[in-house]
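Structure at a glance
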Amino acid sequence: MEACATHGPSASAGGRVFRAALPPFEYLAATSVPEALRLLAKFRGRAVLLAGGTDVLVQMRTGKRVPEAVIDIKRVAALGGGVKVERGGRIAIGALTTLADIEHDAKLRRLVPLLPEAVATMASPQVRNRGTIGGNLCNAAPSADTAPPLLALDALVRLHTRKGVRTMPLAEFFTGPGRTALGTDAVLGAILVPKPPRGLRAAFRKHGVREAMECAVVSVAVAVAKERGTIRHARVVLGAVAPTPLRVPAAEALLVGHPGGPLDLLAAAGEAADAARPITDVRGSSDYRRDVVRTLVRRALEEVAG
Amino acid sequence: MSGHRIVGTKVPKLDAWDKATGAARYGHDVSLPGMLHGKILRSPHPHARIKRIDVRRAEALPGVHCVLTADRVRVGKLGFLGDHPVLKGDKVRCVRDEVAAVAATSEAAAEEACALIRVEYEPLPAVFDPLEAMQPEAPRIHENAPDNLVPHRYEFRHGDAERAIAGSAHVVQGTYRTQFMTHCCLEPCFALAAFDPAGRLTMTSSTQVPYLMQSHLSRALGIHGKDVRVLQPTIGGAFGSKLDTHPYEVLAALLARHSGRPVRILYTREEEFVCAPTRQPMIIRMATGCDREGRLTGRVCEAILDNGAYTSWGATTPHIMLVGISSLYKLEHVSFRATCVYTNNPWSGAFRGYGNPQGTFANEQQMDELARKAGIDPVEFRIRNANDPNSTTPQGFRVTTCALKECLDTAATRVGWREPKRPNEGVGIAGMFHVGGGGRVYKSDACGVIAKLDDFAHLTLLTGATEIGTGSDTAMAMLAAEELGLPLGNVSVINNDTDAAPWDVGIHASRTTFIAGNATLGAVREIRRKLLPWAAKELGCSEDAVELHDGSAWRRDDPARSAPIEKLVRTAHFREQGEMFVGQCFYDPPNQFQDPKMRGNVSATYSFAAHAVRVRVDPETGKVKILKFVAAHDIGKVINRLGLEGQIEGAIAQGIGYALTEQLRIDGGRVGNASFLDYKMLNAADLPEDVEIHFIESADPAGPYGAKGVSEAGLIPTAAAIGNAIRDATGVRLHRLPMSPESVLAAIRAGEQEALDSELEVTGPLTRSGT
Ligand SMILES: Cc1cc2nc3c(=O)[nH]c(=O)nc-3n(C[C@H](O)[C@H](O)[C@H](O)COP(=O)(O)OP(=O)(O)OC[C@H]3O[C@@H](n4cnc5c(N)ncnc54)[C@H](O)[C@@H]3O)c2cc1C
């Protein structure tokens, strides 16, 4: 039995009304990065950028976001450009590249299959046709499915601000749930994936109740490169179990310099489970999530390091 | 047996084309000139006293026509026990509660006006657990129910179950808990109400019970039933949720009456999750015993239902829950008691299966456990106890046709019951028993059909039988076409207007193909009787020698001689003192209303089925994958094979969701997952690829062409079959739905711990790797 005075809106509010209509907002379509930045500055945090809208519209409809203005960036050519392999082997992915384009991109499938494989587990074909990789990262959900693979690949992000262009490691980009280094006055231009180390093998695992249309309860990306039977490079990254996607250096350290035998993998998986700081919510309890981290990390490592 | 030309074939539903192309008009597509938009302000508290409501700012908002609160309207209460006020005036009892309603020229203005209403609440202690609500010190939810018990008890006793169990060779007992599940109708609720100048109400509605709705609305609004007309557009799903008349429907009418304009209320998807009824959670304590030979001796069952804050038809689910518990297998001693308890949770309603899925989850898992204890194969154990045709069950159900044994045998064989299993794989089976020939839960279980054959040989069936997506229209059209020898394309069904179509009690209890099908046959047979003399005359033979098929009448002894039916009709019609071909039938099945002791042959026949399933359980995440699903159903007779397969497949999908993933998470009276993202209804990708459906035709003498009702049957045994398969795969049994990965893993871990503990006693301490 529970007294209920502690929750719910204050007694002065009349109660709950389920709104069908979006609250009013101004719609602006930017055609260049400077224009987008100018508009962002004008609204000082009271505007939201719109790419595919698959996060923004849901948030507006549920009242999580009530922006004064929506700045559509879909037609900003400098944020598009798809997938390009630069000289030296680095891959540049325009922020507006759709999830579907990433899923099907031949270059990515050849060079870094981890990313398209992870993207293929997201949402549904319809949402993937619409949603963008930039939107997924900038929305900064702890469960964002492109984050663990990109972190495992040591990706960087290129940001446009009024002061110019800045490149930073993706690992520093996420600052909290729904929060990034972008602040309120920057635009994500591109994601840069360095040329992967020779012989890199990587795997992605996502646990949810459903096979599609599912937010990860736990996701895991691992990447391992071996030289003459010894692990020389290791990345272990977790999604949905901390305020931001989480790299686990302690687990990586237990792998590097070792052959990657069953005990090495178990130890790394245990380290990952310890590093996870999951919450309990409708999708799963914190204990369960930790348990699943251990299993998924071990299985992913077995696939790539065994 | 056949010789049928249409019955038994695979026919796309009559509305398939419209639905697939988007031409179908649902309630959300209907609007009227001058129509206003209605919105409802709901309680933020699960339990609170309303001290003051101030609507002045809402009324002053431009576009607002009308703001209603409890003290501004005179309106009767709703619900099966009349405990449900349409607008809550003194007190709110759950978070759905309607505190005010607004009609405005736009939806946005109506929403804004709701937000401007000030309400002063005094929160009251609330109770969310039925067991706690039964404690003497629990907060009281309804003044006239001091013990928080819904004043309607369900008790059934046959023989002496307690003694029979005490004397059993093997006994299984356990407590089973089921969850809140919601219908997930693809079309959220809507209501469109309009009064004509004379004060007559036209209600456009997705109700399952248009004729009962007439009287519900007449009582609530204080107008005569003749002044209520119910129209039904294409209905986008109901599954039992629209067996009741809901406050939003009455509110649309009240707003229309007070504003003098048509008013439409549409739910948002979130509102649908929070405010539409649910399947009632149950706590079921059950014990079942058997003798050394594996024959059931007795069963005791006590169930506690979370009724939520108000009583809907859902509170009568123990009636149907009991049918499976008492009558799936031969049982001589049964005792049953069910109690519905008020809580401050959202209130529960009727939902496909009507209590039987909950009960079957318990009793079919107990059958499995009992078979194990008795050392008998679970399929063999069930077959040993299965009902036989022409028997009477403890509740007085007269089982006429019964192919349960064949269903069990087919399902087990096809799933590979005795085939070797890989690690972590398991097989499970469960049977089910359900009403298949109507269900007399109301004084009449009847349906009226008027059939009219026009001078182009187009047949129109006018009926009150509602189509909610089950394909009942198509089945009726097929029966009529078969009987009159018309192509299916010559038949249409009109069933959307209480002014035009004759009475029907409503679509529930898997009854429509059986009842409306029989009514259809009655009506078209009258036409046939009128037509045959004209055919005989035209063909120069006796009436006995006439056959009707392919749109013509034929001389049986001389296939060269035929006459188009339309020509016969015109011959009869266009002449002096001509004749019109109309037939009508009001079919009320030979079944009984149950007495207060829960006895009486509630259905004219009963349906049986068995589901068998092969699963693989991930021992480290708890995720259950269904590798193969076999459903075997005693359906009497296949009318539309395609529609039947669709009904079973859909029910299996809903049943798998019920078993593994679906749960409306209600915490502190609040819904925590009001979206399809977090309410885990399954998608195509989640459903097993290998699904086999088998129909066993037991040719029921009471059914139309031998058919029995089926549309709930596919959901009922599914969760138990999966539970049994999980037990087979993992060695652990789950007593709680849904059997989510997390709960399966917890059960496996607990089982391992138990095994480890017992091992420790023998071998001393062990360290386990990985922990
Ligand atoms: C049904 C459904 C299922 C989903 N399933 C998944 C899933 O399985 N896994 C998953 O990870 N996500 C899922 N999502 C979330 C969503 O689809 C993805 O996050 C998608 O990638 C968002 O991209 P978008 O272009 O639609 O972003 P938008 O909604 O347009 O934007 C998202 C956020 O990013 C900001 N933004 C977008 N582009 C830029 C930019 N270039 N610079 C700065 N800020 C920017 C926006 O202002 C906003 O804050 C699902 C969503 C839905 C509706």
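Calculation rules
- Residues numbered from 1 in each chain as written.
- Chains lettered and ligands numbered in written order.
- Predicted model: local features only at pLDDT ≥ 70, side-chain atom pairs only at ≥ 80, totals over all residues.
- Heavy atoms only, no water.
- Helix = DSSP H or I, 4+ residues; strand = E, 2+ residues; numbered from the N terminus.
- Rg over C-alpha atoms; globule rule 2.2 N^0.38 Å.
- Buried < 20%, exposed > 50% of the residue type's maximum accessible area, 1.4 Å probe, protein only.
- Contact = heavy atoms within 4.5 Å.
- Pairing = 2+ DSSP bridges.
- Near = heavy atom within 4 Å.
- Polar contact = N/O pair within 3.5 Å; in protein donor to acceptor, adjacent residues only side chain to side chain.
- Areas by Shrake-Rupley, 256 points an atom, 1.4 Å probe, with all protein chains shown as cover.
- Buried area = accessible area lost by both parts, 1.4 Å probe.
- Salt bridge = Lys/Arg side-chain N within 4 Å of Asp/Glu carboxyl O.
- Nonpolar A, V, L, I, M, F, W, Y, C, P; charged D, E, K, R; others polar.
- Domains from an automatic or database assignment.
- Right-handed = clockwise from strand over helix to strand, strands pointing away.
- 1 Å grid on protein atoms, 1.4 Å probe; cavity = no way out; pocket = protein on both sides within 12 Å on 5 of 7 lines; lining within 4 Å.
- Points joined across faces, edges and corners; volume = space filled by probe spheres on them.
- Axes fitted to C-alpha atoms, helices over the stretch in contact; angles between N-to-C directions.
- pLDDT = per-residue confidence, 0-100.
- Phe/Tyr/Trp six-rings, centres within 6.5 Å; stacked < 30°, edge-to-face > 60°.

**With respect to the overall build of chain A**
Secondary structure assignment for chain A yields twelve helices and 15 strands. On C-alpha atoms alone, chain A measures out to a radius of gyration of 20 Å, which is about the 19 Å that the 2.2 N^0.38 rule sets for 306 residues. With the principal axes as the frame, chain A shows a C-alpha extent of 65 × 60 × 35 Å. Relative to its 306 residues, chain A shows a buried fraction of 51%. Taking the contacts inside chain A whose residues are at least 6 apart along the sequence as the reference set, 61% of them involve residues at least 24 apart.

**Remarks on the pairing of strand 4 (residues 69-72) of chain A**
All names here are of chain A. Neither face of strand 4 is exposed, since Ala69 and Ile71 on one face and Val70 and Asp72 on the opposite face are all buried. One ladder, built from four bridges, connects strand 2 (residues 26-29) with strand 4; its direction is parallel. Within strand 4, the residue paired with Leu28 across the bridge is Ile71. Note that strand 3 (residues 47-50) and strand 4 share four bridges and pair parallel. Bridge pairing in strand 4 places Val48 opposite Val70.

**Description of the site of the ligand**
All names here are of chain A. Around the ligand, a shell composed of 31 residues is seen, among which Leu49, Gly52, Thr54, Asp55 and Thr132 lie nearest. In the model, an oxygen atom of the ligand is placed 2.6 Å from a nitrogen or oxygen of the Thr54 side chain. In the model, an oxygen atom of the ligand is placed 2.8 Å from a nitrogen or oxygen of the Asn136 side chain. With the chains in place, 92% of the 980 Å² that the ligand exposes on its own is no longer accessible. Taken together, the elements giving at least two residues each to the shell around the ligand come down to strand 3, helix 7 (133-139) and strand 11 (187-193). Per-element tally for the shell around the ligand: the top contributor is helix 7, with four residues.

**Comments concerning the interface of chain B and chain A**
At the interface, 59 residues of chain B touch 41 residues of chain A. For the chain B and chain A pair, buried surface summed over both sides reaches about 4,200 Å², with 54% attributable to carbon and sulfur atoms. Considering only the surface of chain B that becomes buried against chain A, Glu111(B), Glu620(B) and Glu742(B) emerge as the three largest contributors, covering 14% of it. Two residues, Glu270(B) and Arg16(A), come together in a salt bridge whose shortest N-O distance is 2.8 Å. Counting across the chain B and chain A interface gives 23 residue pairs in polar contact (both at pLDDT 80 or more). For the side of chain B that touches chain A, the elements supplying multiple residues, two or more each, are strand 1 (36-42), helix 3 (107-116), strand 6 (118-123), strand 7 (125-126), helix 8 (269-275) and helix 18 (741-763) of chain B. In terms of residue count, the dominant contributor to the side of chain B that touches chain A is helix 3 of chain B (six residues). For the side of chain B that touches chain A, the residue count by class is 28 nonpolar, ten polar and 21 charged.

**A few points about the domain arrangement of chain A**
All names here are of chain A. The domain boundaries assigned to chain A delineate domain 1 (2-72), domain 2 (79-193) and domain 3 (201-305). Here domain 2 and domain 3 have C-alpha centroids that lie 20 Å from each other. If you look at the interface, domain 2 gives 19 residues, while domain 3 gives 22 residues. Between domain 2 and domain 3, a total of about 1,700 Å² is buried, with carbon and sulfur atoms accounting for 66% of that surface. Area buried by domain 2 at its contact with domain 3 is led by Leu114, Pro142 and Pro148, which between them contribute 28% of it.

**Structural notes on the domain arrangement of chain B**
Residue and element names in this part refer to chain B. According to the domain assignment, chain B consists of domain 1 (16-23 + 446-587), domain 2 (31-124 + 186-237 + 242-275) and domain 3 (154-181 + 278-439 + 594-758). Here the C-alpha centroids of domain 1 and domain 3 sit 38 Å apart. Every contact between the two is made by 20 residues of domain 1 and, on the other side, 21 residues of domain 3. Both faces considered, domain 1 and domain 3 share a buried interface measuring about 1,400 Å² in area, 64% of it formed by carbon and sulfur atoms. It is Ala509, Ser510 and Phe514 that lose the most area in domain 1 upon contact with domain 3, and together they represent 43% of the buried surface on that side. Here domain 1 and domain 3 share zero salt bridges between them.

**Some remarks on the pairing of strand 18 (residues 333-342) of chain B**
All names here are of chain B. Counted residue by residue, strand 18 has eight buried out of ten residues, so it is predominantly covered. In terms of strand pairing, strand 8 (residues 154-158) meets strand 18 through five bridges, oriented antiparallel. Counterpart to Arg157 in the pairing with strand 18 is Ser335. Here strand 17 (residues 296-308) runs beside strand 18; their pairing, made up of ten bridges, is parallel. Residue Gly298 lies in a different strand from strand 18, and its bridge partner there is His333. Regarding the hand of the β-α-β motif, the stretch spanning strand 17, helix 9 (residues 317-327) and strand 18 is right-handed.

**Quick notes on the side chain of Arg727(B)**
In this fold, Arg727(B) is placed in helix 17 (residues 718-730). The residues contacting Arg727(B), other than those within four sequence positions of it, are Glu369(B), Arg372(B), Val732(B) and Arg733(B).

**Description of empty space enclosed by the protein**
All names here are of chain B. Overall, the coordinates contain two cavities of 30 Å³ or more when judged by the stated rule. Space inside the largest cavity adds up to approximately 70 Å³. Lining the largest cavity we find 13 residues, and of these His246, Tyr248, Tyr267, Cys275 and Trp347 sit closest to its centre. Within this model, the second largest cavity holds a volume of roughly 50 Å³. Taken together, Leu78, Gly79, His84, Asp244, Thr245, His246, Pro247, Tyr310, Thr311, Ser312 and Trp347 make up the lining of the second largest cavity. Class assignment of the residues belonging to the lining of the second largest cavity gives a composition of four nonpolar, six polar and one charged.

**Topic: helix 9 of chain B**
All names here are of chain B. For helix 9, the buried fraction is high: ten of the eleven residues fall into the buried class. Listed as buried for helix 9 are Thr317, Pro318, Ile320, Met321, Leu322, Val323, Gly324, Ile325, Ser326 and Ser327. Those residues of helix 9 that are buried lie in contact with strand 8, strand 16 (282-290), strand 17, strand 18, helix 10 (356-374) and strand 22 (425-435).

**Observations regarding the sheet that holds strand 31 (residues 624-634) of chain B**
Hydrogen bonds along the backbone pair up the strands of a sheet, which may run parallel or antiparallel. Residue and element names in this part refer to chain B. If you walk across this open sheet you meet the four strands as 22-30-31-34, and the pairing is mixed. Single-partner strands in this sheet number two, and they are strand 22 and strand 34 (691-696). Averaged over all adjacent pairs, the angle separating strand axes in this sheet is 15°, with direction ignored. Bridge analysis of strand 22 against strand 30 (residues 606-617) gives eleven bridges, and the strand direction is antiparallel. Note on strand 30: the bridge partner recorded for His434 is Ser607. Of the strands in this sheet, strand 22, strand 30, strand 31 and strand 34 are in contact with helix 12 (residues 404-415), which crosses strand 30 at around 20°. Against the sheet, helix 17 contacts strand 22, strand 30 and strand 31, and its axis sits at roughly 160° relative to strand 22.

**What to know about the confidence of the model for chain B**
In this model, chain B carries an average pLDDT of 96, and 98% of its residues clear a pLDDT of 70 or more. This model gives residues 762-771 of chain B a pLDDT under 50, and the stretch forms eleven contacts once residues within four places in sequence are excluded.

**Considering the side chain of Thr180(A)**
With respect to the element layout, Thr180(A) can be found in strand 10 (residues 179-180). The buried category is assigned to Thr180(A), whose relative accessible area is 15%.

**Quick notes on the environment of Ile284(B)**
All names here are of chain B. Within the secondary structure, Ile284 sits in strand 16. When the C-alpha atoms of Ile284 and Thr202 are compared, they prove to be 43 Å apart, with 82 residues separating the residues in sequence. Excluding residues within four positions of it along the chain, Ile284 makes contact with Gly174, Thr175, Tyr176, Cys301, Glu302, Ala303, Met321, Gln358, Gly359 and Ala362.

**Topic: the sheet that holds strand 29 (residues 581-587) of chain B**
All names here are of chain B. On the basis of which strands lie adjacent, the open sheet formed by four strands has the order 25-24-23-29 and mixed pairing. Sheet topology places strand 25 (491-494) and strand 29 at the edges, where each strand pairs with a single neighbour. Put simply, the sheet's adjacent strands are angled 15° from each other on average, direction ignored. Here strand 23 (residues 447-453) pairs with strand 29 via seven bridges, running antiparallel. Residue pairing in the sheet places Ile450 in a bridge with Gln584 of strand 29. Against the sheet, helix 13 (residues 472-484) makes contact with strand 23, strand 24 (459-463) and strand 25, and its axis sits at roughly 135° relative to strand 24, the strand it touches most. Set on the sheet, helix 14 (residues 512-539) makes contact with strand 23, strand 24 and strand 29; between it and strand 29 the angle comes to about 150°.

**Here we look at the packing of aromatic side chains**
All names here are of chain B. All told, the structure shown has twelve aromatic pairs over all chains when counted by the stated rule. Centroid distance Phe433 to Tyr606: 5.1 Å. Interplanar angle 15°. Geometry classified as stacked. Of this pair, Phe433 sits in strand 22 while Tyr606 sits in strand 30, and the two are 173 residues apart along the sequence. You'll find Phe433 and Tyr606 in the same group, each marked buried. Through successive ring pairs, a cluster of aromatic residues spans Phe397, Phe433, Tyr606 and Phe608.

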